[in-house]
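Inside the fold
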Amino acid sequence: MTASSVSGVLAGFFESAWPSDAVPAEPEGLDRAGWASLAELGLHLVDIGEDHGGSGGDLADLVQIAVLCGRHAADLPVVESHLAAWALARSGLEIDPAHAYSVPFGPADVTVDTTADGTGDGTGRASGVLRDVPWGGTVDRVVAVTADGRLIVVDPAHVRVTSGHDLAGQPRDRLLLDGAPVTLASSAVPADDLVLRAAVLRVSQMAGAMQVIAEMTRRYTGERFQFGKPIGTFQAVQAHLVEIQQMAVMTTALAERLAVQPDLRAFDVMAAKLVANENAMAAARAAHQAHGAIGMTREYRLHLLTRRLHGWRGDAGDTLPLAARLGAATAASPSFAAAVLDDDHRPEVRP
Amino acid sequence: MKSLVPTTLRSEERALQREVRAFLDERLPPGAHPLGLGMSGEVDPEFSRDLAARGWVGMALPREYGGGGRTAVERQIVVEELLARGAPVGYHWVADRQSGPSIARNGTEEQRRRLLPGIARGELSFAIGMSEPDSGSDLASVRARAVRHRDGWLINGTKIWTSGAATATHVLGLFRTSEDRRGGLTQFIVEGDAAGLTISPIPFIDGTGHFCELSFDDVYVPDTARLGDVGAGWGQNTGELALERGGVDRWMSLMPVLEAWARSPEVRDSPVAQVDLGRVVSRLWAFRGMSLSIARLVDAGESPVAEAALVKEMATRFEQESVEIVRRHFGRTPDLGSDDPWESLLARAILVSPSWTIRGGTTEILRSVIAKGLVSR
Ligand SMILES: Cc1cc2nc3c(=O)[nH]c(=O)nc-3n(C[C@H](O)[C@H](O)[C@H](O)COP(=O)(O)OP(=O)(O)OC[C@H]3O[C@@H](n4cnc5c(N)ncnc54)[C@H](O)[C@@H]3O)c2cc1C
């Protein structure tokens with residue numbers, strides 16, 4: 001699939017699944033029917049090789065899909081399933097293309113006992129907590145990299161689930177493992193790689209959400225009349241439109257810049273996530289201001305997007321820790337200018 | 001608005017980057033030249049000539065007129081390295097960025113042959129005569145007038161805020177040739193030593209003297225001083241503004257300050273300062289990507305005016321914010337007269353940074369440009 005065919009063909013699918021003018025109710029767990037039609041297209045398996053059970057394509061295609069998820073406020077774990085499936089493929093484990101997967105965005109404080117069953121056949125028993133798992137209690141499998149670098153596959157049916165919600169009202173659960181049976185990979189994908197990939201996809205979703213916020217705010221301020229004219233004709237309101245547009249254009253450029261990197265560089269991904277986090281807050285603030293009271297309701301679509309932005313900001317790199325790590329790395333590097341200008345000499349940093 | 005296609009430097013472009021660095025390491029060793037803040041760097045004709053001898057002034061001008069025939073991206077690479085070091089670029093800056101390309105585009109064959117080789121050799125220095133005491137943001141209201149006289153023109157009136165005019169060899173100005181608001185404007189190239197032209201410095205807020213007022217008192221120029229058709233000045237000027245706004249110079253004024261700050265004890269020993277440094281470096285890294293994409297659009301023959309305004313508006317505001325960040329961690333008020341060149345530069349940045357959102361189109365005007373771009377989509 002090429003990037004343009006991805007965005008062209010799929011825009012139609014996303015529009016029918018999540019119409020741009022709808023204001024859906026808060027999701028309750030996983031929408032199985034919705035998931036089935038998405039899984040049939042294999043959208044979450046793009047940028048995973050077909051020999052590993054993926055759909056093929058590349059990171060640029062996947063970024064376009066994540067942008068569409070952001071644009072449509074998709075309420076399915078597309079990105080989460082991708083991350084889990086990608087980790088499985090990288091670790092040599094099988095992917096079930098029909099399965100909905102998820103990964104924890106919080107720490108995976110889990111220890112694994114491989115001797116319990118005495119088999120050593122790639123299974124074990126795990127104990128501990130997986131935090132911040134989107135749709136964690138209702139997906140088919142949760143995939144996590146433990147603190148000691150093991151990749152485990154958990155069936156939520158065998159764990160205790162404390163269900164919760166993120167700021168966007170989407171399921172975000174806590175999984176308590178008490179000797180739960182898990183599948184283990186013999187070689188696990190490094191946790192850093194998984195975080196970087198997650199950050200790229202969150203940046204892409206944020207870019208999509210900001211694009212739509214820019215479009216809807218432009219439309220609204222053209223239609224809403226006060227003092228006898230559209231509010232969009234007031235310069236003070238135009239300043240909000242400009243800021244939202246800047247944030248959307250900039251964040252889109254960031255996502256697309258990461259999408260074409262041959263290898264994800266930690267510095268670039270983290271810098272992009274940090275900027276996207278800040279842009280998201282600026283765009284959300286300006287959009288609410290320009291909308292007035294109607295934007296504060298759950299009857300108008302804006303909240304679907306701004307609430308997601310608040311949540312995504314915290315995933316795979318919140319602003320402060322990112323800034324601290326990037327700043328420390330830059331301070332320790334020989335040149336500030338090189339960090340900005342030189343593709344070959346980015347400061348070394350870990351996510 | 002066009003999308004900013006992501007791009008990276010190609011291997012020959014990286015080679016150029018290394019070559020420029022090596023040259024500047026030798027030509028401008030740290031401490032041996034007065035540090036400048038971006039495009040308002042020191043005026044040093046000798047440095048400009050040396051740079052030109054390497055082929056790095058007038059890079060984007062056509063080869064047949066002594067230029068480099070290079071791309072906008074290649075020019076950006078050179079500019080980035082210069083600004084990162086606070087190099088003394090003041091003498092050739094305007095000619096290289098703006099006047100040269102404008103003459104190449106709008107000039108006659110004779111004008112190109114007469115002026116472009118000197119620009120590319122770093123010998124000619126240009127100033128921009130647009131603003132007047134009563135015409136700032138509303139540039140179409142300019143009143144300084146050119147009237148036909150014998151075979152040429154007589155110019156009368158006042159231009160103001162003309163950066164670098166005192167040391168420039170030429171002024172490229174916008175003058176009224178008829179009452180039609182926009183259609184009555186024409187550009188002329190006036191020599192700095194023309195009879196009747198008085199150039200008076202206006203002390204700038206940091207005590208420097210780049211700012212000038214020009215009074216034209218029956219200044220006679222031949223018709224060969226006219227750039228483009230009579231009445232074509234407004235359109236040409238708008239094209240020039242795109243060149244003026246698009247570049248990395250808009251967000252790289254503070255680079256030498258940030259370079260020193262990033263490696264100072266204030267940052268090394270302070271996790272709090274590192275958080276701020278992380279924010280600054282990330283955002284500049286992001287702006288750099290956008291500027292590079294804009295340069296590629298220019299090389300593809302596009303004129304990304306709205307995109308340039310969009311970047312300039314937010315990047316100049318962020319540079320101002322960065323000044324405040326650095327100053328906060330400095331812990332005391334920096335001294336303009338300090339022996340430490342970095343402290344003195346920070347002090348200057350505090351004083352002059354408000355101008356970054358004024359020159360080249362104010363924040364408010366740029367917002368209108370962007371907002372119009374949004375409506376006309
Ligand atoms: C460092 C520096 C270098 C310069 N160099 C040059 C040079 O080399 N050559 C040259 O010709 N000029 C130069 N200028 C002048 C510069 O182009 C003008 O300052 C600028 O265009 C603004 O004009 P003004 O200063 O007259 O402000 P004004 O136009 O009077 O504006 C004052 C304030 O009103 C706001 N405003 C005005 N109109 C509107 C509107 N329609 N909507 C909303 N807000 C509005 C402005 O945004 C600003 O905040 C330079 C300026 C600076 C600061």
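Residues numbered from 1 in each chain as written. Chains lettered and ligands numbered in written order. Predicted model: local features only at pLDDT ≥ 70, side-chain atom pairs only at ≥ 80, totals over all residues. Heavy atoms only, no water.

- By the naming in an unreviewed UniProt entry, chain B is Alkylation response protein AidB-like acyl-CoA dehydrogenase, taken from Actinomadura viridis.
- The Sequence similarities (unreviewed entry) field of the UniProt record for chain B holds the comment "Belongs to the acyl-CoA dehydrogenase family."
- Chain B has a UniProt comment under Cofactor (unreviewed entry) that states "FAD". (UniProt positions renumbered as here; feature names shortened; annotations may be inferred.)

- As annotated in an unreviewed UniProt entry, chain A carries the name Acyl-CoA dehydrogenase and comes from Actinomadura viridis.
- What the UniProt record of chain A gives under Cofactor (unreviewed entry) is the line "FAD".
- Taken from UniProt, the Sequence similarities (unreviewed entry) comment for chain A reads in full: "Belongs to the acyl-CoA dehydrogenase family."

**Structural notes on the overall build of chain B**
- Summing up its helical and strand segments, chain B has 12 helices and 8 strands in all.
- Relative to a compact globule of 377 residues, whose C-alpha radius of gyration would be 21 Å, chain B shows 21 Å and is just as compact.
- The buried share of chain B, taken over its 377 residues, is 58%.
- The contacts of chain B with a sequence gap of at least 6 include a subset with a gap of at least 24, amounting to 73%.
- Total accessible area computed for chain B in this model is approximately 14,700 Å², and 51% of it derives from carbon and sulfur atoms.
- Taken together, the 45 basic and 50 acidic charged side chains of chain B have centroids lying 5 Å from each other. (Helix = DSSP H or I, 4+ residues; strand = E, 2+ residues; numbered from the N terminus. Rg over C-alpha atoms; globule rule 2.2 N^0.38 Å. Buried < 20%, exposed > 50% of the residue type's maximum accessible area, 1.4 Å probe, protein only. Contact = heavy atoms within 4.5 Å. Areas by Shrake-Rupley, 256 points an atom, 1.4 Å probe, with all protein chains shown as cover. Lys, Arg positive; Asp, Glu negative; His and termini not counted. Charge placed at Lys NZ, Arg CZ, Asp CG, Glu CD.)

**Focus: the overall build of chain A**
- Regarding its fold elements, chain A presents 10 helices and 9 strands.
- In terms of C-alpha radius of gyration, chain A reaches 21 Å, essentially the compact-globule figure of 20 Å for 351 residues.
- Here the C-alpha coordinates of chain A stretch approximately 80 × 55 × 35 Å along the principal axes.
- For chain A, with 351 residues in total, the buried portion stands at 60%.

**Focus on the interface of chain A and chain B**
- The partner chain B presents 45 residues to the 45 residues of chain A that form the contact.
- Interface area for chain A against chain B, summed over the two sides, is near 3,900 Å², with a carbon-plus-sulfur share of 65%.
- Looking at the side of chain A facing chain B, the largest losses of area belong to A:R257, A:F336 and A:L341, adding up to 20% of the total buried there.
- Across the contact surface, chain A and chain B share 5 salt bridges.
- With a closest N to O distance of 2.5 Å, A:E278 and B:R279 form a salt bridge.
- Our enumeration of links across chain A and chain B arrives at 15 residue pairs in polar contact (both at pLDDT 80 or more).
- Mapped by element, the contributors of at least two residues to the side of chain A that touches chain B are helix 6 (235–259), helix 7 (266–291), helix 9 (319–332) and helix 10 (336–341) of chain A. (Buried area = accessible area lost by both parts, 1.4 Å probe. Salt bridge = Lys/Arg side-chain N within 4 Å of Asp/Glu carboxyl O. Polar contact = N/O pair within 3.5 Å; in protein donor to acceptor, adjacent residues only side chain to side chain.)

**Here we look at the nonpolar core**
- A:F14, A:L130, A:L177, A:F336, B:L284 and B:M290 are the most contacted members of the largest nonpolar core, which totals 193 residues.
- The element contributing the most residues to this core is helix 5 (residues 191–223) of chain A, with 16 residues.
- Excluding its chain neighbours within four sequence positions, the residues that come into contact with A:L130 are A:P104, A:P107, A:A108, A:V110, A:V142, A:A144, A:V154, A:D173, A:R174, A:L175 and A:L177.
- B:A104, B:M130, B:L139 and B:V142 belong to the second largest nonpolar core, which has 21 residues in total. (Core = buried A, V, L, I, M, F, W, Y, C linked by side-chain atoms within 4.5 Å.)

**As for the UniProt feature "domain: Acyl-CoA oxidase/dehydrogenase middle" (unreviewed entry) in chain B**
- When the UniProt feature table is mapped onto this chain, "domain: Acyl-CoA oxidase/dehydrogenase middle" (unreviewed entry) is found at residues 127–219 of chain B.
- From the first C-alpha to the last, residues 127–219 of chain B spans 17 Å; its make-up is 0% helix and 47% strand.

**Focus on the side chain of A:T251**
- Take A:T251: it is sitting in helix 6.
- Not counting residues up to four positions away in its chain, the partners in contact with A:T251 are A:V203, A:M206, A:A207, A:M210, A:A276 and A:N279.

**Structural notes on the confidence of the model for chain B**
- Overall, the prediction assigns chain B a mean pLDDT of 94, with 98% of residues at 70 or greater.
- Scored as a complex, the prediction yields pTM 0.92 and ipTM 0.88. (pLDDT = per-residue confidence, 0-100.)

**Quick look at the pattern of salt bridges**
- With the rule as written, the count across this model stands at 47 salt bridges over all chains.
- Between A:R172 and A:D315 there is a salt bridge, and its shortest N-O distance comes to 2.9 Å. In this pair, A:R172 is assigned in strand 7 (residues 172–184) and A:D315 in the loop between helix 8 (302–314) and helix 9, connecting sequence segments 143 residues apart.
- The class of A:R172 is buried, set by a relative accessible area of 13%.
- Among the residues examined, A:D315 registers a relative accessible area of 3% and is labelled buried.
- Of the charged contacts in the structure, one is a salt bridge between B:E13 and B:R10, with a shortest N-O distance of 3.9 Å.
- According to the relative accessible area criterion, B:E13 is buried, its value standing at 5%.
- Overall, the relative accessible area of 47% leaves B:R10 in the partly exposed class.
- It is possible to trace a salt-bridge network through shared partners that takes in A:R265, A:D268, A:D343, A:D344, A:R346 and B:R14.

**Some points on the side chain of B:T7**
- You can see B:T7 is positioned in the segment before helix 1 (11–27).
- Once you skip the residues sitting within four places of it in the chain, B:T7 turns out to touch B:L292, B:S293 and B:R296.

**Remarks on the site of the ligand**
- Surveying the vicinity of the ligand reveals 17 residues, the closest of which are B:I128, B:S131, B:S137, B:W161 and B:T362.
- Those chains with residues close to the ligand are chains A and B.
- B:W161 places a polar main-chain atom, nitrogen or oxygen, 3.0 Å from a nitrogen atom of the ligand.
- At 2.7 Å from an oxygen atom of the ligand is found a side-chain nitrogen or oxygen belonging to B:T362.
- Here the ligand, which alone exposes 970 Å², has 64% of that area covered by the protein.
- Of the residues that constitute the shell around the ligand, the class distribution is 7 nonpolar, 8 polar and 2 charged. (Near = heavy atom within 4 Å. Nonpolar A, V, L, I, M, F, W, Y, C, P; charged D, E, K, R; others polar.)

**Thoughts on the packing of helix 1 of chain B against helix 2 (residues 45–53) of chain B**
Residue and element names in this part refer to chain B.
- Direction vectors running N to C along helix 1 and helix 2 enclose 150 degrees, while the axes themselves pass 12 Å from each other. Judged by the inter-axis angle, helix 1 sits roughly antiparallel to helix 2. For the pair helix 1 and helix 2, the sense of crossing is right-handed. Contacts between helix 1 and helix 2 involve F23, L24 and R27 from the first element and E46, F47, D50 and L51 from the second.
- Residue composition of the contact of helix 1 with helix 2, by class: 4 nonpolar, no polar and 3 charged. (Axes fitted to C-alpha atoms, helices over the stretch in contact; angles between N-to-C directions. Parallel < 35°, antiparallel > 145°, perpendicular 65-115°, else oblique. Left-handed = near helix turned anticlockwise from the far one by under 90°.)

**Some remarks on the pairing of strand 1 (residues 126–129) of chain B**
All names here are of chain B.
- Burial along strand 1 is two-sided: the residues F126 and I128 and A127 and G129 are all buried.
- With 4 bridges connecting them, strand 1 and strand 4 (residues 170–176) associate as parallel partners. Across the sheet, the residue bridging to F126 is H170, located in strand 4. (Pairing = 2+ DSSP bridges.)

**Section: the pairing of strand 7 of chain A**
Residues and elements named next belong to chain A.
- When strand 3 (residues 123–134) meets strand 7, the two strands line up antiparallel, connected through 10 bridges. Bridge assignment links V133 to a residue of strand 7, and that residue is D173.
- Here 3 bridges tie strand 5 (residues 151–154) to strand 7, and the two strands are oriented antiparallel to one another. Residue pairing across strands places I152 opposite L184, the latter belonging to strand 7.
- When strand 6 (residues 160–162) meets strand 7, the two strands line up antiparallel, connected through 3 bridges. Across the sheet, the residue bridging to T162 is R174, located in strand 7.

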